[in-house]
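# Overview (structure and organization)
What follows is each chain in one-letter form.
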Amino acid sequence: MKTLKKSAGMLEVRASPLNRTRGVLSLGRITVPCALGRSGIVTRKREGDGGTPVGRFELLHVYYRPDRGLPPATLLPTEPLTPASGWCDDPGHRLYNRPVQLPFSASHEKMWRDDRLYDIVVVLDCNLNPAVKGQGSAIFFHIARPGYSPTEGCVAVSPEHMRLILQNIGLGAEMVIHA
């Protein structure tokens, strides 16, 4: 296994000039394709707009599906998902843009998905501290659908590329999404 590097790292994301829902993610010499939100990269993020927000976001925490593979090799904090893992996307709720346990009465996203998108999912510091109601929730770095079809506003890469990226970043790594 490759030794984990201690440097933080900066992931840079840029949209393709030919398709706003596809882009490239670069980390030093590593450059991989990525999927973006259905509305492309946006400068004014709103809940439900399908846009990937412009900005600089720290990679905070990694969740993974323990039934679908080993935890990723990374220096970031990791935590296994469970069938009770959720994320509140209700702007009117006090836990807006926070992890929650299911069942949960307010609007939420299930983190334990039938598809493979959240087999590995990284929480980005996007609208978290503090969470501003209506300015977007659950903006993650996660696994892409086959064919890199658009996300709901997240950045997504292949499972192999996700593992490669995570083993080459450290605490304090940031994702910069360019307009």
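This structure is a prediction, so every number in the text was calculated from the model and none was measured. (Residues numbered from 1 in each chain as written. Predicted model: local features only at pLDDT ≥ 70, side-chain atom pairs only at ≥ 80, totals over all residues. Heavy atoms only, no water.)

Applying the stated criterion across every chain yields a total of 9 salt bridges. In this structure, R65 engages D67 in a salt bridge whose closest nitrogen and oxygen atoms are separated by 2.7 Å. The exposure class assigned to R65 is buried, which follows from its relative accessible area of 4%. D119 is the partner of R116 in a salt bridge, and the nearest nitrogen-oxygen pair spans 2.7 Å. Relative accessible area serves as the criterion here: at 11%, D119 is assigned to the buried category. (Salt bridge = Lys/Arg side-chain N within 4 Å of Asp/Glu carboxyl O. Buried < 20%, exposed > 50% of the residue type's maximum accessible area, 1.4 Å probe, protein only.)

Strand order in the open sheet formed by 3 strands is β9-β8-β10, and the pairing between neighbours is antiparallel. The open sheet is flanked by β9 (99–101) and β10 (108–110), the only strands paired with a single partner. Ignoring which end each strand starts from, the neighbouring axes of this sheet average 40° apart. Note that strand β8 (residues 85–88) and β10 share 3 bridges and pair antiparallel. Looking at the pairing, G86 lines up with K110 of β10. (Pairing = 2+ DSSP bridges. Helix = DSSP H or I, 4+ residues; strand = E, 2+ residues; numbered from the N terminus. Axes fitted to C-alpha atoms, helices over the stretch in contact; angles between N-to-C directions.)

Right, let's talk about the pairing of strand β6 (residues 55–64) for a bit. Where β6 meets strand β14 (residues 174–177), 4 bridges bridge the pair, whose relative direction is antiparallel. What sits directly across from R56, in β14, is V176. The pairing of β6 with strand β11 (residues 120–124) spans 5 bridges and is classified as antiparallel. Considered in β11, the bridge of H61 is made with V123.

Within the secondary structure layout, D119 lies in the loop between β10 and β11. Polar contacts involving the side chain of D119 include one to the side chain of R68, which spans 2.9 Å. Excluding residues within four positions of it along the chain, D119 makes contact with Y63, Y64, R65 and R68. (Polar contact = N/O pair within 3.5 Å; in protein donor to acceptor, adjacent residues only side chain to side chain. Contact = heavy atoms within 4.5 Å.)

All right, on to the nonpolar core then. The biggest cluster of nonpolar side chains holds 30 residues, and the ones touching the most others in it are L11, L25, L59, F141, V155 and M175. When residues in this core are grouped by element, the largest group, 4 residues, is from β6. Excluding anything up to four places from it in sequence, L11 contacts L25, S26, L27, L59, F141, I165, I169, E174, M175 and V176. W87, Y118, L128 and C154 belong to the second largest nonpolar core, which has 12 residues in total. (Core = buried A, V, L, I, M, F, W, Y, C linked by side-chain atoms within 4.5 Å.)

Just distances and angles here, no functional claims.
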